[in-house]
Amino acid sequence: MMLLKHFNITGKLKFFLFLLLLISLSASFIATEKPWYVKYKNNYLFPAFSFKKQIALHDEIISYQETDWKLLKAEKIIFAPVPWSPGKSDFDNAGYVSPTSQQFFRNNENKLIEMPLRFRHWLGTDKRGADVLSGVLNGASVSLFIGIVCMLIATIIGLLFGVLSGYYGNYSIRVRKGVILSLIPGIFIAFFYAKMIADFNSILSFFSFLAVFIIVLCLFYFFGLRFSQLRFLASKMVIPVDSIISRLIEWVVSLPRLILVLTIAAISQPSIINLVLLIGLTGWTEIARLTRAEFIKNKQLDYVQAARSLGYSDYRIAIKHILPNAITPSLVAILFGISSAILAEAGLSFLGIGVPQDKVTWGSMLAAGKENFQAWWLVIFPGLALFLTVLLFNATAERIRNN
């Protein structure tokens, strides 16, 4: 919020951004069939906030996953605002029940009665009887997670390359020949060993890959320092950082990003981690370009020259002085990138090659709507949520850019 205040974001935009973040973080508690609070046989239970699968009472075992809490004869029970889990079938209201249609509820006597208001499907159900409102809320959580994590990866790569390219240029970095000759094979060997350990099935395995890659690469770097003690490897070479990174940006931009993402997503197993990596590793080029341009402009200004005359290190000048003054264009690109990542996830999920099938997202709900065009609520509500979310991030980016 302090960052938004710095860029003079209006109160309405801040409110809606905070509301979207709050919904995405608490979706699993707002929309769940597990009650928030249960008093049962003088026992106090909190199923929605418990990580346990079951609890043993004096005379029975209560399963948090399989118990039908709506039929439990409890002394007191408090349900979530949306008492349906995403993707959970309500077979008594299956077959595309609209928000305005009559809905039914099976009571303790196994009789169908009119749906009580607190259990009603306010946005209707899909073919299997899954609650649409619960799916829309869960879709916000999935979409925002993918959008933010994708751009977090893209931001780290883009800022790193942009700072190196813009600050150092082509003639500032000199490296010993022994280090270069050691790092060239070290990159491939580090990637090989890191890939052996990580399978990219979880975010933990991805960080394991990075850790092993960095550790092995550092070992080769230190080997290179030792080799550099030899006379013919001790001389230094100029590394044209700006040219190398600029060519890399051009190469990544020239790739047909959409076709690349579609191809890899189609031949690999659907996974949120794979999707995040695909979008994040191909979405950093604009951030790198903008950061590079801002650094080239700012490093010629008087305050940078003053910092150099005071003997400040390159790290302090680049990160603590130039970067805060050069981050605004990149922040605009990051916000636009989040909305693009959300749209990309929705498109891939619509095609059935995005996230796993058991995950309910806006794209998967839109795909379910094409099976029955008369079920308008399966298209209107997730589509409206997707439209408003993208519009919110784009409006925030426009506001920052115009300041």
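Keep in mind that what you see is a predicted model, and the values were worked out from it rather than measured. (Residues numbered from 1 in each chain as written. Predicted model: local features only at pLDDT ≥ 70, side-chain atom pairs only at ≥ 80, totals over all residues. Heavy atoms only, no water.)

**So, the nonpolar core**
Counting residues in hydrophobic clusters, the biggest one holds 73 residues, and the most contacted among them are Ile 146, Phe 295 and Phe 393. Considering each element in turn, this core owes the most residues, 17 residues, to helix α3 (residues 132-168). For Ile 146, the contacting residues outside a window of four places in its chain are Ile 272, Leu 275, Val 276, Glu 345 and Val 355. (Core = buried A, V, L, I, M, F, W, Y, C linked by side-chain atoms within 4.5 Å. Buried < 20%, exposed > 50% of the residue type's maximum accessible area, 1.4 Å probe, protein only. Helix = DSSP H or I, 4+ residues; strand = E, 2+ residues; numbered from the N terminus. Contact = heavy atoms within 4.5 Å.)

**So, the sheet that holds strand β1 (residues 37-40)**
The three strands lie next to each other as β2-β1-β5, forming an open sheet whose pairing is antiparallel. Across the chains shown, the open sheet's two edge strands, defined by having one partner strand only, are β2 (43-45) and β5 (76-78). Direction aside, the axes of adjacent strands within the sheet are offset by 15° on average. Two strands pair when backbone bridges link them, and β1 and β5 are joined in this way by three bridges, in the antiparallel orientation. Paired with Tyr 37 across the strands is Ile 78, a residue of β5. (Pairing = 2+ DSSP bridges. Axes fitted to C-alpha atoms, helices over the stretch in contact; angles between N-to-C directions.)

**Details of the packing of helix α2 (residues 11-30) against α3**
At a closest axis distance of 8 Å, the pairing of α2 and α3 adopts a crossing angle of 125°. As the angle between them shows, α2 and α3 are arranged oblique. Handedness of the α2/α3 crossing: left-handed. Contact residues: Leu 20, Leu 21, Ile 23, Ser 24, Ala 27 and Ile 30 in α2; Leu 137, Asn 138, Ala 140, Ser 141 and Leu 144 in α3. (Parallel < 35°, antiparallel > 145°, perpendicular 65-115°, else oblique. Left-handed = near helix turned anticlockwise from the far one by under 90°.)

**Notes on the pattern of salt bridges**
Following the criterion strictly, the structure yields five salt bridges and no others. One salt bridge connects Glu 398 with Arg 401, and the closest N-O pair in it is separated by 2.6 Å. Here Glu 398 pairs with Arg 401, and both are found in helix α13 (residues 377-402), just three residues apart, close to one helical turn. Residue Glu 398 is classed as partly exposed on the basis of its relative accessible area of 31%. (Salt bridge = Lys/Arg side-chain N within 4 Å of Asp/Glu carboxyl O.)

**Points about helix α12 (residues 362-369)**
Counting buried positions over the eight residues of α12 gives six, a clear majority of the element. Within α12, the full set of buried residues consists of Trp 362, Gly 363, Met 365, Leu 366, Ala 367 and Gly 369. Looking at the packing, one finds that the buried side of α12 touches α3, α11 (314-351) and α13.

**Considerations on the environment of Arg 128**
With respect to the helices and strands, Arg 128 occurs in the loop between β7 (112-114) and α3. Once the C-alpha coordinates of Arg 128 and Lys 88 are considered, the two residues, 40 residues apart in sequence, prove to be 8.5 Å apart. If sequence neighbours within four positions are ignored, Arg 128 has contacts with Gly 87, Ser 89, Asp 90 and Ala 94.

**Let's talk about unusual backbone geometry**
A positive phi angle is found at Asn 42, which is not glycine, with a value near 65°. Within the fold, Asn 42 resides in the loop between β1 and β2. Taking the relative accessible area as the measure of exposure, Asn 42 reaches 63% and is therefore exposed. Residues other than glycine seldom take positive phi values, yet Tyr 96 does so here, at roughly 60°. By the element assignment, Tyr 96 lies in the loop between β5 and β6 (104-106).

Note that all results are geometric; they support no functional claim without further evidence.
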